[in-house]
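# Summary of the model geometry
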Amino acid sequence: MAMSSWFSRLRHSSKSLFNSTPPLLRSSFSTKLITTPTPTANSGSSTHPFPFWSLPIAVAAGSLALYPQSNPSLCQAPNANARTEFVVKGSHRDVPQELINELKAVCKDNMTVDYEERYNHGKPQNSFHKAVNIPDLVVFPRSEEEVCKIVKLCDKHKVPIVPYGGATSIEGHTLSPHGGVCIDMSSMKNVKALHVEDMDVIVEPGIGWMELNEYLEPYGLFFPLDPGPGATIGGMCATRCSGSLAVRYGTMRDNVISLKAVLANGEVVKTASRARKSAAGYDLTRLMIGSEGTLGVITEVTLRLQKIPQYSVVAMCNFPSIKDAADVAIATMLSGIQVSRVELLDEVQVRAINIANGKNLPETPTLMFEFIGTEAYSREQTQIVQKIVSEHNGSDFVFAEDPDTKKELWEIRKEALWACFAMEPDFEAMISDVCVPLSCLAELISRSKQELDASELVCTVIAHAGDGNFHTVILFDPNKEEHRREAERLNHFMVHAALSMEAGTCTGEHGVGTGKMKYLEKELGVEALKTMKRIKVALDPNNIMNPGKLIPSHVCF
């Protein structure tokens, strides 16, 4: 079938764009509550009442101490030539038996020392980062009260805590390089209160954004952030995530009204009231959002909701170069049109989608738009953007109004990461994101794309082009050191290209974790990092809250 005929069918047929679509690749992780097993040979020493992982521990001069020095201002010397640590170093000490017994009294059967469960919690699904240690035990609290007790006990014994949500983070946020206790929040997933007239909802942190939107749909409401499938509200707060709808509705920072968090001493802080705006005191809500579990464990979140749009149109178009596509994204935003999504895929990513899903999309740089509002307004926006596309070397502008077709298109976009593995099934992915002001986007993508195309590795570009945020997926063979070094070089090039523009950031939405720490001083300056360190020490003097994340270890004050 001629491509023009295929596109004609997309516009005029009410049937789905893709027929006989095989099930899309999906990433999911479900945690089963396991009672404490009898120690076995593969789970630890049979002479110790609590099994610990016996992996040898490599503690280098640059690794973080498990517990802080008596003087919290002590720090490590900076490493000017720091490289990405694929295996994050850490020190380890056996968890006291007294703490295990105390946690058992709090959690009952909702804790485990099973090796497989601990290993799964110590290795994020989509992150190439690993750690020398895994959690010593995993607990599954059912209430805020239980979280308070768990945290207070860990602080008493100075044992590290790592909060755990949907396991979809990229930069090693949920690694346990020092062992300790992993607090899996998946059992706290209730909707506590829905205020339809106020357009807000109060939820526990373990609920996923997709689950929440299923709950909200009958009320004509939705929560507008859409990161990767499987992400939970608590983790989304912790990493200050966003997604494809951020160009219209903002990031997590803009959509959380207030929250509750358990601090390192076991006390609960409520950061704000439910009022839509407030000028009362420090903005503790924004302090916690993006803190990546280093300041507290989030136990409740009040979210701002939106009305489900009355009508929407999804459009696609192709370009001869990625710069042309980026230029159209910029021109669209400057036109004043309030698009809800502007997504850019390079030709390699489109090829991955074709391979994974048996499609025949044109393998050229592609833009995807979504326009919302009334039917007349959505169509008017579509026509304006179609004109902009025609003025920037765009072609094959098509749009869909049928609900099933629109859903299929966005599902394919959301599954882009897993589609990449169809090209290299045995490889791992180094996934990175940067963000720059919109005016710098075309130049940054063009420079990065040149470097990626010249590499021997398979690399794709995916961008939230409407707000200057773009990602690369770099596929590499984990068994080849030269592949790892090349992937690291490409990631490093892209980040420094963004930072060299003076207004760019090393991460637009994935967060810092362990992977982006080394770039913070260049981006923010040492005084900003010292301020963060002071806050961290004030709220967590024993350094139990997700130690080794976010703040570089060499920062002193």
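The preceding data block contains the structure.
Anyway, here's the lowdown on the structure attached to this text. Quick caveat: nothing in here was measured; it's all calculated off a predicted structure.

This paragraph deals with helix H15 (residues 441-454). The end-to-end C-alpha distance of H15, which contains 14 residues, comes to 20 Å, matching closely the 20 Å that a straight helix rising 1.5 Å per residue would cover. Taken together, the buried positions of H15 are occupied by Leu 441, Ala 442, Leu 444, Ile 445, Ser 448, Lys 449 and Leu 452. Axial view of H15: buried residues confined to an arc of 155°, hence all on one face. Across from the buried face of H15, at angles greater than 90 degrees, the exposed residues are Gln 450 and Ala 454.

In this section: empty space enclosed by the protein. Per the counting criterion, the structure on display carries six cavities of 30 Å³ or more. Taken as a whole, the largest cavity encloses approximately 870 Å³ of empty space. Around the largest cavity, the lining is made up of 46 residues, and of these Thr 168, Ser 169, Ile 170, Pro 227 and Gly 228 lie nearest the centre. When residues of the lining of the largest cavity are traced back to their parent elements, those giving at least two are strand E5 (161-164), helix H6 (233-239), strand E12 (297-304), helix H13 (403-414), helix H14 (416-420), strand E19 (458-464) and strand E20 (469-476). Residues that form the lining of the largest cavity fall into these classes: 20 nonpolar, 21 polar and five charged.

Applying the stated criterion across every chain, the model contains four aromatic pairs. Ring centres of Tyr 215 and Tyr 219 lie 6.0 Å apart, and the angle between their planes is 40°; this geometry places the pair in the tilted category. Using a relative accessible area of 40% as the deciding quantity, one classes Tyr 219 as partly exposed. Between Phe 369 and Phe 371, the ring centres sit 5.7 Å apart and the planes meet at 10°, which makes this aromatic pair stacked. Look at Phe 369 and you get buried, because its relative accessible area is 0%. If you follow Arg 341 out to its NZ or CZ, it ends over the ring of Trp 410, 4.5 Å from the centre. For Lys 406, the ring lying beneath its charged end belongs to Tyr 311, and the centroid distance is 5.7 Å.

The subject of this paragraph is the layout of surface pockets. Of the voids in this model, the largest pocket is the one considered here, and its volume is about 1100 Å³. In terms of lining residues, the largest pocket is bounded by 29 residues, among which Trp 209, Asn 213, Phe 222, Arg 341 and Lys 407 are the most central. Elements with a contribution of two residues or more to the lining of the largest pocket: helix H5 (209-216), strand E9 (221-222), strand E14 (311-318), strand E16 (366-373) and H13. Ranked by residue count, the leading element in the lining of the largest pocket is H13, at six residues. When grouped by side-chain class, the residues that make up the lining of the largest pocket number 15 nonpolar, three polar and eleven charged.

Let us now look at the sheet that holds E16. Judged by pairing direction, the sheet is antiparallel, and its seven strands sit side by side in the order E17-E14-E16-E15-E19-E20-E18 without closing on themselves. A single partner strand is all that each edge strand has here, and the edge strands are strand E17 (395-400) and strand E18 (428-435). Each strand axis lies, on average, 15° off the axis of its neighbour in the sheet, ignoring direction. As paired strands, E14 and E17 are joined by four bridges and run antiparallel to one another. Following the sheet pairing, Val 314 is matched in E17 by Ala 400. In the packing of H15 onto the sheet, contacts are made with strand E15 (341-345), E18, E19 and E20, and the angle to E20 comes to roughly 5°. Strands E18, E19 and E20 of the sheet are contacted by helix H16 (residues 481-500), whose axis makes an angle of about 10° with E18.

Within this structure, the stated rule accounts for zero disulfides. Cys 107 forms no disulfide, and the closest cysteine sulfur to it belongs to Cys 154, at a distance of 9.1 Å.

It is worth spelling out the environment of Val 147 at this point. Here Val 147 is to be found in helix H4 (residues 144-157). Taking relative accessible area as the criterion, Val 147 reaches 0% and is therefore assigned buried. Expressed as a C-alpha distance, the spacing of Val 147 and Thr 299, which sit 152 residues apart in the sequence, is 7.9 Å. Apart from the residues within four sequence positions on either side, Val 147 is in contact with Pro 141, Met 185, Met 188, Val 262, Val 297 and Thr 299.

Read across the sheet, five strands follow the order E7-E8-E12-E10-E11 without closing on themselves; strand pairing throughout is antiparallel. Two strands close off the open sheet at either side, each with one partner strand: strand E7 (191-195) and strand E11 (268-270). In this sheet, adjacent strand axes meet at a mean angle of 10° when their direction is disregarded. Two elements, strand E10 (residues 256-262) and E11, share three bridges in a ladder whose sense is antiparallel. Looking at the pairing, Val 262 lines up with Val 268 of E11. Set on the sheet, H5 makes contact with E7, strand E8 (200-203) and E12; between it and E7 the angle comes to about 45°.

Attention now goes to the pairing of strand E6 (residues 181-184). Residues in a regular strand project their side chains so that they alternate between the two faces of the sheet. Alternating residues of E6 divide into Val 181 and Ile 183 and Cys 182 and Asp 184, and every residue in both groups is buried. For strand E4 (residues 137-139) and E6, the ladder comprises three bridges, and the chain directions are parallel. Of the residues in E6, the one forming a bridge with Val 138 is Cys 182. The pairing of E5 with E6 spans four bridges and is classified as parallel. Each residue of the ladder has a partner; that of Val 162, found in E6, is Cys 182.

By size, the foremost hydrophobic cluster in this structure holds 58 residues, and its most contacted members are Leu 344, Leu 367, Phe 369, Phe 371, Leu 444, Ile 445 and Phe 470. By residue number, the principal contributor to this core is H16, which donates seven residues.

Turning our eyes to something else, we now look at the side chain of Glu 509. Its place among the elements puts Glu 509 in the loop between H16 and helix H17 (520-524). Engagement of the side chain of Glu 509 in a polar contact is seen with the side chain of Ser 242, the distance being 2.5 Å. There is a polar contact of 2.8 Å between the side chain of Glu 509 and the side chain of His 471. Filtering out sequence-adjacent residues up to four positions away, Glu 509 remains in contact with Thr 239, Arg 240, Cys 241, Ser 242, Gly 243, Asp 433, His 464, Asn 469 and His 471.

Calculation criteria
- Sequence order as written defines the numbering, with residues in each chain counted from 1.
- pLDDT decides what is reported in this predicted model: residues at 70 or higher carry local features, side-chain atom pairs at 80 or more are listed and counted, and totals for whole chains, interfaces and linings draw on all residues regardless.
- Side-chain metrics rest on all non-hydrogen atoms present in the structure, leaving aside hydrogens and water.
- Runs of H or I in DSSP of at least four residues are treated as helices and runs of E of at least two as strands, each being numbered from the N terminus.
- A helix's residues, less one, multiplied by 1.5 Å, set its expected span.
- Buried residues are those whose accessible area, probed at 1.4 Å on protein chains only, stays under 20% of the maximum for their type, while exposed residues exceed 50% and partly exposed ones sit between those limits.
- In this description, one arc is meant: the one made by directions from the helix axis to the C-beta atoms.
- Definitions used throughout: a 1 Å grid over protein atoms alone; a cavity as a set of points that fits a 1.4 Å probe which cannot get out; a pocket as an open set with protein on both sides within 12 Å along at least five of seven lines; a lining residue as one with an atom within 4 Å of a point.
- Grid points are joined across faces, edges and corners, and a volume is the space filled by probe spheres set on the points.
- Side-chain classes are defined by residue name, with Ala, Val, Leu, Ile, Met, Phe, Trp, Tyr, Cys and Pro counting as nonpolar, Asp, Glu, Lys and Arg as charged, and the others, Gly among them, as polar.
- In summary, the pairing rule links any two rings of Phe, Tyr or Trp, Trp by its six-membered ring, whose centres are within 6.5 Å, and it sorts them by plane angle into stacked for under 30 degrees, edge-to-face for over 60 and tilted for everything else.
- In our convention, an over-ring charge means Lys NZ or Arg CZ found within 6 Å of a ring centre and within 35 degrees of that ring's normal.
- Any two strands are treated as partners once DSSP identifies two or more bridges connecting them.
- Interaxial angles span 0 to 180 degrees and are taken between N-to-C directions of axes, which are lines fitted to C-alpha atoms, for helices over the stretch in contact.
- Whether two residues are in contact is decided by their heavy atoms: any pair within 4.5 Å suffices.
- Cysteine sulfur atoms that pair up within 2.5 Å are treated as a disulfide.
- Note on terminology: a nonpolar core comprises buried Ala, Val, Leu, Ile, Met, Phe, Trp, Tyr and Cys residues joined through side-chain atoms within 4.5 Å.
- Counted as a polar contact is a pair of N or O atoms within 3.5 Å, where, for protein atoms, one must be capable of donating a hydrogen and the other of accepting one, and residues adjacent in sequence contribute only when both atoms are in side chains.

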